[in-house]
Amino acid sequence: MNFTKATLILDDGSKYEGFSFGAEKAVTGEVVFNTAMSGYPESLTDPSYAGQLMVLTYPLIGNYGVPPRTVRPDGISVFMESERIHADAIIISDYSYRYNHWNSVNTLDEWLKEEGIPGIYGIDTRALTKRLREHGVMIGRIVPGNDVDEKLVGAKLAAFNYGEMNFVDKVSCKEIITYNEGKGRKRVVLVDCGVKHNIIRCLLKRDLTVIRVPWDYDFNSMEYDGLFISNGPGDPDTCDAAVRNIRKALDGDKPICGICMGNQLLAKAGGASIYKLKYGHRSHNQPVRMAGSNKCFITSQNHGYAVDDNTLGDEWESLFINMNDMTNEGIRHRKKPFFSAQFHPEACSGPTDTEFIFDQFAKLIF
């Protein structure tokens, strides 16, 4: 076991002392919490966590190890949500150096070291989460070792501005990638803002050819039957190029579906405004109600921004509503086949209550 000291320092000056695991290096980022009881390999490889220090509130992490980094012939990961870890660090209460699972190949500690990602354990994550909920999202820095230069830490914290960074550009593909070419019955353009691999899996399962394009690529001259806008990290206001391209597509009638960041970009293209939530929605158990009905679903979520319902134009309406704080969880066009969800219907490791959204999208195309 590693008993190298490490310290988490927040931008309000509060400190949390623990022990280092994974890569021993300093890192600065936006501190967010995730309430999932399982699924840390999927969460860590979710591109939406780029630039963030992930606090896992479940008390014991690492007990089922890490699955193999198996990749299918088409380049899609079998067990992960992307090809690498995107969270900048992991913050936990208790770390299990021993693991036991039929599909594990190594420890979480070994995987973090392999990818150069630091972790800190021995933190009172309940107290930390309460502080984040009271104060809102904060910037933090993890510093390994006994000597902490607080002046240097303060300068690093002050210099870090999460909202000004275009994390979508960092995680999006750089060239067009086609899946299931010549085999799918219909063609879908997937705007990659930081797409989770299970979105691609869900589309491919529905007999579609998927053309994955960079976030800022103008796809409007391409031949396709439907447009899908993926999840992604950071502030949607840094993605004006994507909004302009989506706005052109709104002039047509081809089905459009968006998830998470895709919901926000579709809303912006339709004229709505986006605002930053106090501490975001990041959990696997958020209740969401379908607007105009009593249908409620348990959803997985990971976003720090939301659509302002009050700014939706006359042609748009809310599709889903968060039952915890009544914020927007999706929109739809009143006449055209355009709709989106703020939550993750493709969630790995679940829940999968809302995977029917992919069926609805496919039905509109076929």
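This write-up is about the structure you can find in this document. (Residues numbered from 1 in each chain as written. Predicted model: local features only at pLDDT ≥ 70, side-chain atom pairs only at ≥ 80, totals over all residues. Heavy atoms only, no water.)

### Thoughts on the sheet that holds strand S15 (residues 274-290)
Then comes step 1: If you trace the ten strands from one edge of the open sheet to the other, you get S10-S12-S11-S13-S14-S19-S18-S17-S15-S16, paired in mixed fashion. Two strands close off the open sheet at either side, each with one partner strand: strand S10 (177-179) and strand S16 (296-307). On average, adjacent strands in this sheet sit at an angle of 20° to one another, irrespective of strand direction.
Then comes step 2: Bridge count between strand S17 (residues 316-322) and strand S18 (residues 328-333): five bridges; the pairing is antiparallel. Paired with tryptophan 316 across the strands is histidine 333, a residue of S18. (Pairing = 2+ DSSP bridges. Helix = DSSP H or I, 4+ residues; strand = E, 2+ residues; numbered from the N terminus. Axes fitted to C-alpha atoms, helices over the stretch in contact; angles between N-to-C directions.)

### What about the sheet that holds strand S8 (residues 118-121)?
Then comes step 1: On the basis of which strands lie adjacent, the closed barrel formed by seven strands has the order S1-S2-S8-S6-S4-S3-S9 and mixed pairing. Each neighbouring strand pair of the sheet contributes to a mean axis angle of 35°, computed without reference to strand direction.
Then comes step 2: Relative to S8, strand S2 (residues 15-22) runs antiparallel, the two being bridged by four bridges. Each bridged residue has a counterpart across the sheet, and for phenylalanine 21 the counterpart in S8 is glycine 119.
Then comes step 3: Contacting S2 and strand S6 (89-91), helix H2 (residues 108-115) runs over the sheet at an angle of about 85° to S2.
Then comes step 4: Docked against the sheet, helix H4 (residues 150-159) engages strand S1 (5-10), S2, strand S3 (27-34) and strand S9 (138-144), running at close to 140° with respect to S9. (Contact = heavy atoms within 4.5 Å.)

### Considering the nonpolar core
Then comes step 1: Counting residues in hydrophobic clusters, the biggest one holds 43 residues, and the most contacted among them are Cys193, Phe219, Leu227, Ile229, Ile256, Leu265 and Leu266.
Then comes step 2: In this view, leucine 227 contacts Val189, Val191, Phe219, Ala249, Pro255, Ile256, Cys257 and Phe361; residues no more than four positions away in its chain are not counted.
Then comes step 3: Judged by nonpolar contacts, the second largest core, of 28 residues, contains Ile199, Val210, Phe228 and Cys260. (Core = buried A, V, L, I, M, F, W, Y, C linked by side-chain atoms within 4.5 Å. Buried < 20%, exposed > 50% of the residue type's maximum accessible area, 1.4 Å probe, protein only.)

### Topic: the side chain of lysine 196
Then comes step 1: Within the fold, lysine 196 resides in the loop between strand S11 (186-192) and helix H6 (197-204).
Then comes step 2: Among the residues examined, lysine 196 registers a relative accessible area of 4% and is labelled buried.
Then comes step 3: Once residues lying within four places of it in the same chain are set aside, the contact partners of lysine 196 are Asp46, Pro47, Glu81, Asn231, His344, Glu346, Ala347 and Cys348.

### A few points about H6
Then comes step 1: By the criterion of burial, H6 is predominantly enclosed, with eight of the eight residues buried.
Then comes step 2: When we look at burial in H6, the residues that qualify are His197, Asn198, Ile199, Ile200, Arg201, Cys202, Leu203 and Leu204.
Then comes step 3: Check the buried side of H6 and you find it contacts S10, S11, strand S12 (208-214), strand S13 (226-229), strand S14 (256-259) and helix H9 (356-365).

### Side note on the pairing of S15
Two faces make up the sheet, and in a regular strand the side chains alternate between them.
Then comes step 1: Pairing analysis gives ten bridges linking S15 to S16, with the strands arranged antiparallel. Looking across to S16, one finds that glutamine 286 is bridged to threonine 299.
Then comes step 2: Joining the antiparallel neighbours S15 and S16 is a turn of five residues, in which glycine 292 adopts a positive phi near 80°.
Then comes step 3: Alignment of S15 against S17, held across three bridges, turns out to be antiparallel.

### With respect to the pattern of salt bridges
Then comes step 1: On inspection of all chains with the given rule, the structure shows 20 salt bridges.
Then comes step 2: Lysine 248 is paired through a salt bridge with aspartate 218; the nearest N and O atoms lie 2.7 Å apart. Here lysine 248, found in helix H7 (residues 240-249), pairs with aspartate 218, found in the loop between S12 and S13; they are 30 residues apart in sequence, far enough to count as distant.
Then comes step 3: Residue aspartate 218 is classed as partly exposed on the basis of its relative accessible area, which comes to 31%.
Then comes step 4: Taking the shortest distance from any N to any O, the salt bridge between arginine 332 and glutamate 317 comes out at 2.8 Å. Taken together, the residues span a long stretch of sequence, with arginine 332 in strand S18 and glutamate 317 in strand S17 at a distance of 15 residues.
Then comes step 5: Each of Lys205, Arg206, Glu355 and Asp359 takes part in one network of salt bridges that share partners. (Salt bridge = Lys/Arg side-chain N within 4 Å of Asp/Glu carboxyl O.)

### Side note on the environment of arginine 334
Then comes step 1: Here arginine 334 shows up in the loop between S18 and strand S19 (338-341).
Then comes step 2: With 20 residues separating them along the chain, arginine 334 and aspartate 314 place their C-alpha atoms 8.5 Å apart.
Then comes step 3: Beyond its immediate sequence surroundings of up to four residues, arginine 334 is in contact with Asp314, Glu315, Trp316 and Glu317.
Then comes step 4: A distance of 3.0 Å separates the side chain of arginine 334 from the side chain of glutamate 317, its partner in a polar contact. (Polar contact = N/O pair within 3.5 Å; in protein donor to acceptor, adjacent residues only side chain to side chain.)

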